[in-house]
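Structural characterization, general
Next come the chains, spelled out residue by residue.
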Amino acid sequence: MSKPQDGFVSRFLNRRISRRITRVLLKFPIHPNAFTIAILVLPLIASAFLVRGDYLSLVLGAAIFQVFSILDGCDGEIARAKNLESKFGERLDNFCDFLASLLYVLPLGLGLHRLSEGIICAALITINEWLLRYSTGGMWADSSALNESFYARHHGMIEHSGLIDLGERFVWWLFQLTKRDMALLVFFILALFGYAHWILNLWTIVAAASVVLSGIAAIRFGVANGDAVVDEPGYDVGSRREVTSDLT
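Let me begin by describing the structure that accompanies this report. (Residues numbered from 1 in each chain as written. Predicted model: local features only at pLDDT ≥ 70, side-chain atom pairs only at ≥ 80, totals over all residues. Heavy atoms only, no water.)

With respect to the helices, strands and loops of the structure, Ile125 is situated in helix α7 (residues 115-132). What makes Ile125 buried here is its relative accessible area of 9%. Apart from residues no more than four positions distant in its own chain, Ile125 is found in contact with Phe98, Ser101, Leu102, Val105, Trp203 and Ala207. (Helix = DSSP H or I, 4+ residues; strand = E, 2+ residues; numbered from the N terminus. Buried < 20%, exposed > 50% of the residue type's maximum accessible area, 1.4 Å probe, protein only. Contact = heavy atoms within 4.5 Å.)

See below:
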């Protein structure tokens, strides 16, 4: 029930727990999309703790987000087990993850009396999600297994930003260390040791770097796609989707 895009934490920790939960859930008529929406209540509960800002509340909030990270794998496992995988389900899951990110950084910023940094981080996360829509496409790695270890919406960013020029192995490790599953576990550990303020610092740095890379990729993709339109008189604007098979 795992998938090739799983990071270290998902593969060796989260999946070990989520699979057992999924086995129980499969006994009930639960649709994966309904489960995706249902567990969004966890980030809402966690945000109520984070906004308080004291040590115990920060730890509890971060812990609930870690639980959310574990349960977030169940919807996909249910979908694969019941053969209910769909593009809509994938988009819904991405959207709920996006909302969860905002429900993490904004209440955390408020709780730590660093709301401006929380707003900046939330803005960067939002901009990055928007830019990823405009830099899609491409299978760039020599190994199909390596390509499959990234989500389709990241392929274009990796290729068009020039990040792949640093080496496939470097890119693989970079993404492994900054995946959501890894981040949420690290954030919980930071909160546990009293360094919750580092969460905003790290998240803002990573989000800013992602915006730069996604922005470069979107510009390069737009220029290349524009050239294709100019160079091919018979180009059908309505078939732009065919430029990349990874557009979601």
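After that view of the structure, there is still more to cover.
What follows covers unusual backbone geometry. Look at Asn83: it is not a glycine, yet its phi comes out positive at around 55°. The phi dihedral of His113 is positive, around 60°, even though this residue is not glycine. Checked against the element boundaries, His113 lands in the loop between α6 (87-111) and α7.

Let's shift gears to α7. For α7, spanning 18 residues, the distance from its first C-alpha to its last is 26 Å, which sits close to the expected 26 Å at 1.5 Å a residue. Buried within α7 are the following residues: Glu117, Gly118, Cys121, Ala122, Leu124, Ile125, Asn128, Leu131 and Leu132. (Expected span 1.5 Å × (residues − 1).)

Looking at where Cys121 falls in the secondary structure, it is placed in helix α7. Judged by relative accessible area, which is 0%, Cys121 ranks as buried.

Using the criterion set out here, one finds 6 aromatic pairs in the structure. Relative to Trp203, the ring of Tyr104 lies with its centre 5.4 Å away and its plane at 70°, an arrangement referred to as edge-to-face. One end of the pair, Tyr104, is in helix α6; the other, Trp203, is in helix α12 (residues 197-231), with 99 residues separating them in the sequence. In this structure, Tyr104 and Trp203 share a single accessibility class: buried. Every member of this aromatic cluster is reached through a ring pair, and the members are Phe65, Tyr104, Phe187 and Trp203. (Phe/Tyr/Trp six-rings, centres within 6.5 Å; stacked < 30°, edge-to-face > 60°.)

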